[in-house]
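Geometric and topological summary
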Amino acid sequence: MFDQFDHIGYPKRLKKLDEQSLRSIIKDCQEAQQANPAATKCRNGYYADEICYAGMELRRRGLK
């Protein structure tokens with residue numbers, strides 16, 4: 001099954017999350033990528049997109 005990333009809705013959803021939730025998303029995705037880099041979500045960039053959008057939201061808020 002192919003997981004298609006929602007590039008419109010996902011960033012909107014992140015605006016409602018607190019800082020800790022955003023950081024948890026980044027951490028979880030990074031750990032998933034390291035644990036199984038051959039997984040479909042790693043190969044198709046799904047986790048990378050999640051990390052990117054969560055990081056962009058943190059930067060938008062002036063956080064690092």
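What this report covers is the structure whose coordinates are included nearby. (Residues numbered from 1 in each chain as written. Predicted model: local features only at pLDDT ≥ 70, side-chain atom pairs only at ≥ 80, totals over all residues. Heavy atoms only, no water.)

**Notes on the side chain of Glu50**
Going by this rule: To qualify as a helix, a DSSP run of H or I must reach at least 4 residues; to qualify as a strand, a run of E must reach at least 2; elements of each kind are numbered from the N terminus. Residue exposure (1.4 Å probe, protein chains only): buried if accessible area is under 20% of the type maximum, exposed if over 50%, otherwise partly exposed. Working convention for charge: Lys and Arg count positive, Asp and Glu count negative, and His plus the chain ends are omitted. Salt bridge, as applied in this entry: a Lys or Arg side-chain nitrogen positioned within 4 Å of an Asp or Glu carboxyl oxygen. Contacts are residue-level and defined by heavy atoms, with any inter-residue pair within 4.5 Å sufficient.
On the secondary structure map, Glu50 appears in helix α4 (residues 46–60). Despite its burial, Glu50 remains without a salt bridge, the nearest opposite charge being carried by Arg13 at 5.8 Å. When near neighbours in sequence (up to four residues on either side) are disregarded, Glu50 contacts Phe5, Tyr10, Ile25 and Cys29.

**Let's talk about the environment of Leu17**
Structurally, Leu17 is set in the loop between α1 (9–14) and α2 (19–35). Take Leu17: its relative accessible area is 23%, and that puts it in the partly exposed class. For the pair formed by Leu17 and His7, sequence separation is 10 residues and the distance between their alpha carbons is 17 Å. Among all residues touching Leu17, those that are not within four sequence positions of it are Leu22, Ile25 and Arg61.

**Brief notes about the environment of Pro37**
With respect to the secondary-structure elements, Pro37 resides in the loop between α2 and α3 (40–43). For Pro37, the contacting residues outside a window of four places in its chain are Cys42 and Arg43.

**Quick look at the nonpolar core**
Using the following cut-off: Residues enter a nonpolar core if they are buried and are Ala, Val, Leu, Ile, Met, Phe, Trp, Tyr or Cys, with the set joined through side-chain atoms within 4.5 Å.
Grouped together as the largest cluster of nonpolar side chains are 14 residues, with contacts concentrated most on Tyr10, Leu14, Ile25 and Ala54. Those elements that place two or more of their residues in this core are α1, α2 and α4. Take this core: its biggest share by element is six residues, from α4. If we ignore the near neighbours within four places in the chain, the residues touching Ala54 are Leu14, Leu22, Ile25 and Ile26.

**Some points on the packing of α2 against α4**
How we decide: Axes here refer to lines fitted to C-alpha atoms; in helices the fit is confined to the stretch in contact. Angles between the N-to-C directions go from 0 to 180 degrees. We call two directions roughly parallel when the angle between them is under 35 degrees, roughly antiparallel when it is over 145, roughly perpendicular when it lies between 65 and 115, and oblique otherwise. It is the rotation of the near helix from the far one that decides the hand of a crossing: anticlockwise by less than a right angle makes it left-handed, clockwise makes it right-handed.
Running from N to C, α2 and α4 cross one another at 155°; their axes reach a closest spacing of 9 Å. In this view, α2 runs roughly antiparallel relative to α4, as classed from their interaxial angle. Of the two elements, α2 crosses α4, and the hand of that crossing is left-handed. Along its contact with α2, which presents Glu19, Leu22, Arg23, Ile25, Ile26, Cys29, Gln30, Ala32 and Gln33, the element α4 presents Tyr47, Ala48, Glu50, Ile51, Ala54, Gly55, Glu57 and Leu58.

**Re the packing of aromatic side chains**
Selection rule: Only the six-membered ring of Trp is used, alongside the rings of Phe and Tyr, when aromatic pairs are assigned; centres must lie within 6.5 Å, and planes under 30 degrees apart are stacked while those over 60 apart are edge-to-face, with the rest tilted.
Using the criterion set out here, one finds five aromatic pairs in the structure. Every member of this aromatic cluster is reached through a ring pair, and the members are Phe5, Tyr10, Tyr46, Tyr47 and Tyr53.

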